[in-house]
Amino acid sequence: MPHAALKAPQQEDCISPRNFMRLATFIQSETGIKMPHNKLTMLEGRLRRRVRATGVADLNTYCEFLFDAKFGRDENVHLINAVTTNKTDFFREPRHFDYLTQTILPELKAKASRRIRVWSAACSTGAEPYTLAMLLDDFADKHHGPDYGILATDLDTQVLEIARRGIYPAELIQPVPERLRARYVMQPLEKTSSDVRIVPSLRAAVGYARLNLMDDNYPVGEPMDIIFCRNVLIYFDKQTQEQVVSKLCGKLRVGGWLVLGHSESIAGMTLPVEQVCNTVFKRI
Ligand SMILES: C[S@@+](CC[C@H](N)C(=O)[O-])C[C@H]1O[C@@H](n2cnc3c(N)ncnc32)[C@H](O)[C@@H]1O
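Just so you know, these numbers come straight off a predicted model, no measurement behind them.

### Describing the sheet that holds strand S5 (residues 195–198)
Logical step 1: Taken in spatial order, the 3 strands make up an open sheet running S3-S5-S4, and their pairing is antiparallel. Edge strands, defined here as strands with exactly one partner in the open sheet, are strand S3 (167–169) and strand S4 (185–186).
Logical step 2: Here S3 runs beside S5; their pairing, made up of 3 bridges, is antiparallel. Directly across from Pro-169, in S5, lies its bridge partner Asp-195.

### A look at the site of the ligand
Logical step 1: Around the ligand sit 25 residues in total, of which Thr-84, Thr-88, Ala-122, Ser-124 and Leu-213 are the nearest.
Logical step 2: Counted by class, the shell around the ligand contains 9 nonpolar, 10 polar and 6 charged residues.
Logical step 3: When we break the shell around the ligand down by domain, the ones giving at least three residues each are domain 1 (10–83) and domain 2 (94–283).

### Observations regarding unusual backbone geometry
Logical step 1: Of the consecutive residues Gly-145 and Pro-146, the connecting peptide bond is found in the cis state with omega at 0°.
Logical step 2: Topologically, Pro-146 is positioned in the loop between helix H7 (127–143) and strand S2 (148–154).
Logical step 3: Positive phi is not limited to glycine here, since Glu-93 has a value of about 50°.
Logical step 4: Within the secondary structure, Glu-93 is located in the loop between helix H5 (72–83) and helix H6 (94–111).

### Quick notes on the environment of Asp-89
Logical step 1: For Asp-89, the location among the structural elements is in the loop between H5 and H6.
Logical step 2: Those residues in contact with Asp-89 that lie beyond four places of it in its chain are Ala-127 and Pro-175.

### Some details on the packing of helix H2 (residues 17–31) against helix H4 (residues 59–67)
Logical step 1: Their axes nearest at 10 Å, the elements H2 and H4 cross at an angle of 40°. Taken together, the axes of H2 and H4 lie oblique to each other. By crossing handedness, the relation of H2 to H4 is classed as left-handed. From H2, Asn-19, Arg-22 and Leu-23 reach across to H4, where they touch Asn-60, Cys-63 and Phe-67.
Logical step 2: Split by residue class, the contact of H2 with H4 holds 3 nonpolar, 2 polar and 1 charged.

### Examining the environment of Leu-79
Logical step 1: Within the element layout of this structure, Leu-79 appears in helix H5.
Logical step 2: Judged by C-beta crowding, with 21 C-beta atoms within 10 Å, Leu-79 ranks as buried.
Logical step 3: For the pair Leu-79 and Phe-91, spaced 12 residues apart in sequence, the C-alpha to C-alpha distance is 29 Å.
Logical step 4: Not counting residues up to four positions away in its chain, the partners in contact with Leu-79 are Arg-50 and Leu-66.

### Details of the domain arrangement of the protein chain
Logical step 1: Here the protein chain is described as being made up of domain 1 (10–83) and domain 2 (94–283).
Logical step 2: When each unit is reduced to the centre of its C-alpha atoms, the spacing between domain 1 and domain 2 is 31 Å.
Logical step 3: In this assembly, 8 residues from domain 1 lie in contact with 10 residues from domain 2.
Logical step 4: Secondary-structure elements contributing two or more residues to the side of domain 1 that touches domain 2 are H2 and H5.
Logical step 5: Looking at the side of domain 1 that touches domain 2, the element that brings in the most residues is H5, giving 3 residues.

Quick notes on the rules
- Think of each chain on its own: its residues are numbered from 1, step by step along the sequence as written.
- In keeping with the predicted nature of the model, local features appear solely for residues at pLDDT of at least 70, side-chain atom pairs appear and are counted solely at 80 or more, and the whole-chain, interface and lining totals rest on all residues.
- Criterion used throughout: strands pair if DSSP finds at least two bridges between them.
- The secondary structure listing takes helices from DSSP runs of H or I that are at least 4 residues long and strands from runs of E that are at least 2 residues long, numbered from the N terminus.
- Nearness rests on one distance test: the residue's C-beta atom, set from the backbone, must lie within 6 Å of the molecule or strand.
- Only Asp, Glu, Lys and Arg are considered charged, only Ala, Val, Leu, Ile, Met, Phe, Trp, Tyr, Cys and Pro nonpolar, and every remaining residue, Gly among them, polar.
- For every domain, the bounds stem from an assignment made automatically or drawn from a database.
- Contacts here follow a simple rule: the backbone-placed C-beta atoms of the two residues must lie within 7 Å.
- Axis angles are defined between N-to-C directions and span 0 to 180 degrees, where every axis is a line fitted to C-alpha atoms and, for a helix, only to the segment in contact.
- By definition in this entry, angles of less than 35 degrees are roughly parallel, angles greater than 145 are roughly antiparallel, angles of 65 to 115 are roughly perpendicular, and the rest are oblique.
- For any helix crossing, the convention is left-handed if the near helix is rotated counterclockwise from the far helix by under a right angle, and right-handed if that rotation is clockwise.
- Exposure in this text rests on C-beta crowding, where 20 or more other C-beta atoms within 10 Å of a residue's own make it buried, 12 or fewer make it exposed, and counts in between make it partly exposed. The C-beta atoms are placed from the backbone.

Structure follows, in structure tokens:
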């Protein structure tokens, strides 16, 4: 028998039940993200990268480090980046963008002579705000306005960095219609790279900032005309969802639109909105 086969199998590095409880409680109170027990393996997988990055011995030592009042604070941001799920796409859930161009923008154009404000809350790596920017820019160009500004926020600092750079593998841009791609996406500068970049004028139209939807106040300035907050409420419990949507409504102009993800529901919540389309709501 080969020597290796005689070795006892390596003990798998696992999070203890006590540390899982501490982590789950901490993650939910900081980010709103629920961490039921069936997420344990996923959490272990993601935190192993932090174990390697910090150089601690194993997952449970990492937890001690994290919860240490003196050293843990700087690690929180990395923990949070590790636990967020950032799946996104250009033109994701395209019916929302049809509604934007066919209904919302014509209505705003007819009513508002001022600059309109759009917020992509939980913007991930930027596909959503750049999709919005392409459509707003294209509409404004064709119809001589309205002028617009987009605020894009997320809790995860890593995705915000990617979004600010606006560089993506070419295949990610595939859902962008050809005409908009030709106008708003630059071809790779180097022959060896297939990465493409959003044009500078569009990047300049989107302001990025870190914002935690769990915070008591959202310091976003003047009320918004449109808020996209899609595919993040699903990670929160019902009570947190209602609190977040209520705070979003507080930042929405009366008559403004709130767009949630297709699988998100506000049924049973007491909120100052009426539904105008599938998961699109108008502030009343
Ligand atoms: C699945 S992505 C959705 C991205 C985009 N809205 C879309 O629909 O394609 C969810 C995003 O929510 C962010 N997120 C999670 N919890 C958050 C919180 N408490 N505050 C702000 N953003 C949060 C994550 O970092 C992640 O980038």
